[in-house]
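Here are the chains, one letter per residue:
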Amino acid sequence: MSFARALNVFDLERMARRRLPAGVFGFIAGGAQDDRTRDNNRAALERVRFKPRGLVDIAERGQEVTLFGHRFASPFGIAPMGIAGIARFEADIAMARAAARMNVPFTLSNMSTVPMEAVARSCDSVKWLQVYMPADRERASRFVARAAAAGYQALLVTIDVPVGANRENNLRSGFTLPLHLSPRVIADGLLHPRWLAGVLARTLAATGVPRLENSAVADRPSILAARNAELRARGATIDWAFMRWLRDQWPRALLIKGVLHEDDARAAVACGLDGVVVSNHGGRQLDGAASPIEVLPAIAAAAGGRLTVLADSGFRRGGDILKAVALGARGVLCGRPFLYGAALGGEAGVTHALTLLRAEVDRDLAMLGATSIAAVAAGDFVIR
Ligand SMILES: Cc1cc2nc3c(=O)[nH]c(=O)nc-3n(C[C@H](O)[C@H](O)[C@H](O)COP(=O)(O)O)c2cc1C
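Cut-offs used in this document
Residues numbered from 1 in each chain as written. Predicted model: local features only at pLDDT ≥ 70, side-chain atom pairs only at ≥ 80, totals over all residues. Heavy atoms only, no water. Salt bridge = Lys/Arg side-chain N within 4 Å of Asp/Glu carboxyl O. Helix = DSSP H or I, 4+ residues; strand = E, 2+ residues; numbered from the N terminus. Buried < 20%, exposed > 50% of the residue type's maximum accessible area, 1.4 Å probe, protein only. 1 Å grid on protein atoms, 1.4 Å probe; cavity = no way out; pocket = protein on both sides within 12 Å on 5 of 7 lines; lining within 4 Å. Points joined across faces, edges and corners; volume = space filled by probe spheres on them. Nonpolar A, V, L, I, M, F, W, Y, C, P; charged D, E, K, R; others polar. Near = heavy atom within 4 Å. Polar contact = N/O pair within 3.5 Å; in protein donor to acceptor, adjacent residues only side chain to side chain. Areas by Shrake-Rupley, 256 points an atom, 1.4 Å probe, with all protein chains shown as cover. Sits in = over half its atoms within 2 Å of the grid points. Contact = heavy atoms within 4.5 Å. Expected span 1.5 Å × (residues − 1). Bend = angle between axes of the 7 residues up to and from the residue.

Colleague: Mind showing me how you'd approach the pattern of salt bridges here?
Modeller: Oppositely charged side chains may form a pair once their charged atoms are brought near each other. Taken as a whole and assessed by the stated rule, the structure comprises 15 salt bridges. One salt bridge in this structure joins R42 and D320, with 2.9 Å as the shortest N-O distance. Highlighted residues: R42 in helix 3 (residues 36-47) and D320 in helix 14 (residues 318-326), separated in sequence by 278 residues. Here R42 falls in the buried class, since its relative accessible area comes to 18%. Each of D35, R38 and D39 takes part in a single network of salt bridges with overlapping partners.

Colleague: What am I meant to see in unusual backbone geometry here?
Modeller: Trans is the common state for peptide bonds, and a negative phi is the common state for residues other than glycine. You will see that L55, though not glycine, has its phi angle at about 55 degrees, which is positive. Counting through the fold element by element, L55 comes out in the loop between strand 1 (49-50) and strand 2 (65-67). A positive phi is found at H281, a non-glycine position, where the angle reads about 65 degrees. Mapped onto the fold, H281 is located in the loop between strand 9 (275-278) and helix 13 (292-303).

Colleague: Teacher, can you tell me more about empty space enclosed by the protein here?
Modeller: To find the voids left in a structure, one rolls a probe of water-molecule size over its atoms. Under the criterion given, the structure shown has 2 cavities of 30 Å³ or more. Of the voids in this model, the largest cavity is the one considered here, and its volume is about 460 Å³. What lines the largest cavity is a set of 29 residues, among which P80, M81, G82, H281 and R284 lie closest to the centre. The set of elements that each furnish at least two residues to the lining of the largest cavity consists of helix 2 (22-29), helix 10 (228-232), strand 11 (331-334) and helix 15 (336-368). Of the residues contributing to the lining of the largest cavity, the split by class is 12 nonpolar, 10 polar and 7 charged. Of the volumes computed, that of the second largest cavity is approximately 40 Å³. Looking at the second largest cavity, the residues that line it are V65, L67, S74, P75, F76, G77, P105, L310, G331, V332 and L333. Contributions of two or more residues to the lining of the second largest cavity are made by strand 2, strand 4 (76-78) and strand 11. Of all the elements, strand 11 adds the most residues to the lining of the second largest cavity, at 3 residues.

Colleague: Before we go on, may I ask you to explain the site of the ligand in this structure?
Modeller: Near the ligand there are 23 residues, and of these P80, S109, T158, R316 and G335 occur at the shortest range. Here an oxygen atom of the ligand sits 2.7 Å away from a polar atom, N or O, in the main chain of P80. Between the ligand and the protein, one listed contact pairs an oxygen atom with a side-chain N or O atom of D312 at 2.9 Å. Within the complex, the protein chains bury 98% of what would otherwise be the 610 Å² of accessible surface of the ligand. Cavity membership is defined here by more than half of the atoms lying within 2 Å of grid points; on that basis the ligand lies in the largest cavity. Residues belonging to the shell around the ligand are distributed by class as follows: 8 nonpolar, 10 polar and 5 charged.

Colleague: Hey, could you run me through the environment of L333 in this one?
Modeller: Take L333: it is sitting in strand 11. Overall, the relative accessible area of 2% leaves L333 in the buried class. Placed 255 residues apart in sequence, L333 and I78 show a C-alpha to C-alpha distance of 5.3 Å. Setting aside residues no more than four positions away along its own chain, L333 makes contact with G77, I78, A79, T107, W128, L156, V277, A311, D312, S313 and F315.

Colleague: Sorry, what's going on with helix 9 (residues 193-207) here?
Modeller: Spacing of three or four residues puts side chains on the same side of an α-helix, whose turn is 3.6 residues. Along its 15 residues, helix 9 runs 20 Å from first to last C-alpha, staying within 8% of the 21 Å computed at 1.5 Å per residue. The axis of helix 9 is deflected most strongly, by about 30 degrees, at A201. Among all positions of helix 9, only W195, V199 and T203 are buried. Looking at the packing, one finds that the buried side of helix 9 touches helix 1 (9-19), helix 2 and helix 8 (183-190). In the segment just after helix 9, G208 is the residue with positive phi, at about 75 degrees.

Here you go:
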């Protein structure tokens, strides 16, 4: 079935499950350990209820937001996802182009397999870059200089991967880094010929074995050799002093991603950062961690208007996005739905996912009796 028939992003997930090898789908969809936090991301959003207002003239309404000086057309964007190229040939470029077309932010992961310069060149739009920072300041400086030269407008330093997560579903399916081509992984691929030809064979033909082209801790490590935990876990040795140093190196928007504690928001203010992404990494890191919607009010209060507060993890409906806005977020990032869109239809598939969410935001704005995102933020529209 074509992605164009998906009525919502849950449909895209169901279609992607059929299209992708089980190990690849599990890598994207899965969370850590017992998936408690991943599942609570949905449950917590569902517990929040709206208190709509009536008799409001909503004929003229808009969902634009300004983030770091740029006026975006919707209050949501694309979260960074590493190794997105396993779902679609050059998925990063498909997502960047769709985001550019729809004027929403795209965040490139530094665990991606497409060089950041190629993504930057692929479309003319504002782009953000996520990074697992090495403590080694020389390497960090080189990364920052490269990101600035490539034109990225915001840097998101991920802080919730001090060590690699315990993702048992990946261990069971054999989908781990470095990738071992076990009989099970090979059989999984052979059962999905469209993926085998369209993604694996095409990638190998175009670039050979994919490399983490934007790693900040090693020089273009191959995904066959790259040790996941080793490559990302260097965050364990960065601290607030490092962030203060980084603040001086990067004059554009600087955020930390993976904040769940209000004291970390206060520390971010003290460091002079521009924003935080309230996130539990889509439930992929600490199983048992709170969901963003549960801690947003406290974090927004701690930020006190001195930080741009964004949220991600589990947002699947326009109404979910408006709930986050009502509870203190300026905008929301979504991850998996866009990668499913990319897997199914490349740039057009991602555009479809963005279009669905945009229509839902618009409809729910009207139903709430709000004519703008600012009105949702200022109003008293939810009970918890
Ligand atoms: C396949 C995949 C890869 C990811 N890779 C990264 C990454 O490299 N860096 C990062 O900060 N977050 C990464 N994340 C987390 C996302 O940025 C985001 O926090 C999460 O996906 C949001 O939740 P959602 O997928 O439920 O919308 C990844 C998520 C997925 C699904």
